[in-house]
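Each chain, letter by letter, is given below.
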Amino acid sequence: MDLKSPLYGLDQDEIQQIVRNENEPAYRARQLLDWLYKKHILAFDEAENLPAGFRSRLSGKYALTALRFDDDKASSNHESTKFLFQTHDQ
């Protein structure tokens with residue numbers, strides 16, 4: 001399964017390119033950077049000053065986390081659990 005690329009970790013130029021690709025005004029890049037790196041959002045709906053359509057398009061293409069839960073295994077005595085996560089580049 002293909003994972004969405006995370007937005008966290010992208011720099012200003014990369015965010016500006018995403019905004020241009022989405023045909024949004026240039027100031028949307030500043031707004032998005034503010035939500036990512038100052039307010040640390042974990043859901044696109046938290047970015048209230050971004051239009052709903054833009055948020056929807058972003059959520060369809062990008063993730064706000066770098067990991068996706070894949071599986072977990074409890075030990076035989078149930079004293080510990082191992083978790084498996086996938087990164088977007090696997």
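Residues numbered from 1 in each chain as written. Predicted model: local features only at pLDDT ≥ 70, side-chain atom pairs only at ≥ 80, totals over all residues. Heavy atoms only, no water.

## Digging into the environment of Ile-18
Reasoning step 1: Within the secondary structure, Ile-18 sits in helix H1 (residues 12-21).
Reasoning step 2: By relative accessible area, Ile-18 is classed as buried at 8%.
Reasoning step 3: Residues Ile-18 and Leu-58, spaced 40 residues apart in sequence, show a C-alpha to C-alpha distance of 9.0 Å.
Reasoning step 4: What Ile-18 contacts, discounting residues up to four positions off in sequence, is Leu-7, Leu-10, Leu-58 and Tyr-62. (Helix = DSSP H or I, 4+ residues; strand = E, 2+ residues; numbered from the N terminus. Buried < 20%, exposed > 50% of the residue type's maximum accessible area, 1.4 Å probe, protein only. Contact = heavy atoms within 4.5 Å.)

## Re the packing of aromatic side chains
Reasoning step 1: Overall, the coordinates contain one aromatic pair when judged by the stated rule.
Reasoning step 2: The ring of Trp-35 is capped by Lys-39, whose NZ or CZ atom sits 4.1 Å from the centre of that ring. (Phe/Tyr/Trp six-rings, centres within 6.5 Å; stacked < 30°, edge-to-face > 60°. Lys NZ or Arg CZ within 6 Å of the ring centre and 35° of its normal.)

## Some remarks on the pattern of salt bridges
Reasoning step 1: For the structure on display, the rule yields five salt bridges.
Reasoning step 2: Between Arg-57 and Glu-24 there is a salt bridge whose closest N-O contact spans 2.6 Å. Residue Arg-57 is located in helix H3 (residues 52-61), and its partner Glu-24 is located in the loop between H1 and helix H2 (27-37); the two are separated by 33 residues in the primary sequence.
Reasoning step 3: Using a relative accessible area of 17% as the deciding quantity, one classes Glu-24 as buried.
Reasoning step 4: In this structure, Lys-39 engages Asp-34 in a salt bridge whose closest nitrogen and oxygen atoms are separated by 3.0 Å.
Reasoning step 5: Each of Glu-22, Glu-24, Arg-28, Arg-57 and Lys-61 takes part in a single network of salt bridges with overlapping partners. (Salt bridge = Lys/Arg side-chain N within 4 Å of Asp/Glu carboxyl O.)

## Focus: the nonpolar core
Reasoning step 1: With 17 residues, the main nonpolar core has Leu-7, Ile-15, Leu-32 and Leu-58 as its most contacted residues.
Reasoning step 2: For this core, the elements supplying multiple residues, two or more each, are H1, H2 and H3.
Reasoning step 3: Examining the composition of this core, we find that five residues originate from one element, H2, more than from any other.
Reasoning step 4: Each residue touching Ile-15, except ones within four places of it in the same chain, is listed here: Leu-7, Leu-10, Ala-29, Leu-32, Leu-33 and Leu-36. (Core = buried A, V, L, I, M, F, W, Y, C linked by side-chain atoms within 4.5 Å.)

## A few points about H1
Reasoning step 1: Taken together, the buried positions of H1 are occupied by Ile-15, Ile-18 and Val-19. What you see down the axis of H1 is that its buried residues fit within an arc of 100°, all on one side. In H1, the exposed positions angled more than 90 degrees off the buried face are occupied by Asp-13 and Asn-21.
Reasoning step 2: For H1, the secondary structure elements touched by its buried residues are H2, H3 and strand E2 (62-63).
Reasoning step 3: Two or three places before Asp-13, at the opening of H1, Asp-11 has a side-chain oxygen 3.1 Å from that residue's backbone nitrogen.
Reasoning step 4: Following H1 by one or two positions, Asn-23 has its phi on the positive side, about 55°. (Arc of directions from axis to C-beta. Polar contact = N/O pair within 3.5 Å; in protein donor to acceptor, adjacent residues only side chain to side chain.)

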